[in-house]
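Each chain is listed here by its residues.
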Amino acid sequence: MKRAYKYRFYPSPEQAELLNRTFGCVRLVYNRALEARTRAWAVDRQRSTYGQSSARLRS
């Protein structure tokens, strides 16, 4: 049997600001990884694994 739960979250202004900053950082990291993977495919026709993408982001 599958179940689903719905929750509501009413953040304080400080929490909302922290969430906005966090999601902004996540979006930036995702877009950079996607750009690197897209560039690797367009230039070298090479696929990137998760590990390779993660290593590229750390450098």
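Above this text sits the structure in question.
Being a predicted model, the structure only gives us computed values, none of them experimental.

**Some remarks on the overall build of the protein chain**
Okay, so step 1: Assigned secondary structure in the protein chain consists of two helices and zero strands.
Okay, so step 2: Taking 2.2 N^0.38 as the reference for a compact globule, 59 residues should give roughly 10 Å; the C-alpha atoms of the protein chain span a radius of gyration of 17 Å, well beyond that estimate.
Okay, so step 3: Each of the three principal axes of the protein chain carries a C-alpha extent, and together these read 45 × 40 × 15 Å.
Okay, so step 4: The buried share of the protein chain, reckoned over its 59 residues, is 10%.

**What to know about a nonpolar patch on the surface**
Okay, so step 1: Taken together, the side chains of Phe-9, Leu-19 and Phe-23 present a nonpolar region at the surface, about 310 Å² in accessible area.
Okay, so step 2: With respect to the helices and strands, the residue Leu-19 is situated in helix H1 (residues 13-44).
Okay, so step 3: Under the relative-accessibility criterion, Leu-19 is labelled partly exposed at 30%.

**As for the side chain of Ser-48**
Okay, so step 1: Within the secondary structure, Ser-48 is located in the loop between H1 and helix H2 (50-58).
Okay, so step 2: Relative accessible area serves as the criterion here: at 9%, Ser-48 is assigned to the buried category.
Okay, so step 3: Engagement of the side chain of Ser-48 in a polar contact is seen with the side chain of Arg-56, the distance being 3.2 Å.

**Topic: the pattern of salt bridges**
One side chain can pair with another of opposite charge once the charged atoms of both are near each other.
Okay, so step 1: Inspection of every chain in the model, using the stated rule, returns one salt bridge.
Okay, so step 2: Glu-35 serves as the salt-bridge partner of Arg-39, at 3.4 Å between the closest nitrogen and oxygen. Residue Arg-39 and its partner Glu-35 are located together in helix H1, separated by four residues, close to a single helical turn.
Okay, so step 3: The exposure class assigned to Arg-39 is partly exposed, which follows from its relative accessible area of 46%.
Okay, so step 4: Judged by relative accessible area, Glu-35 falls into the partly exposed class, the value being 46%.

**What about H1?**
Okay, so step 1: Between the first and last C-alpha of H1 there are 46 Å, a value that for 32 residues agrees with the 46 Å anticipated at 1.5 Å per step.
Okay, so step 2: Listed in full, the buried residues belonging to H1 are Ala-33, Ala-36 and Ala-40.
Okay, so step 3: For H1, the secondary structure elements touched by its buried residues are H2.
Okay, so step 4: Trailing H1 by a residue or two, Arg-45 shows a phi angle of about 55 degrees, which is positive.

Conventions we followed
Residues numbered from 1 in each chain as written. Predicted model: local features only at pLDDT ≥ 70, side-chain atom pairs only at ≥ 80, totals over all residues. Heavy atoms only, no water. Helix = DSSP H or I, 4+ residues; strand = E, 2+ residues; numbered from the N terminus. Rg over C-alpha atoms; globule rule 2.2 N^0.38 Å. Buried < 20%, exposed > 50% of the residue type's maximum accessible area, 1.4 Å probe, protein only. Patch = residues over 30% accessible without salt bridge, like charges linked within 9 Å, V, L, I, M, F, W, Y side chains within 5 Å. Areas by Shrake-Rupley, 256 points an atom, 1.4 Å probe, with all protein chains shown as cover. Salt bridge = Lys/Arg side-chain N within 4 Å of Asp/Glu carboxyl O. Polar contact = N/O pair within 3.5 Å; in protein donor to acceptor, adjacent residues only side chain to side chain. Expected span 1.5 Å × (residues − 1). Contact = heavy atoms within 4.5 Å.

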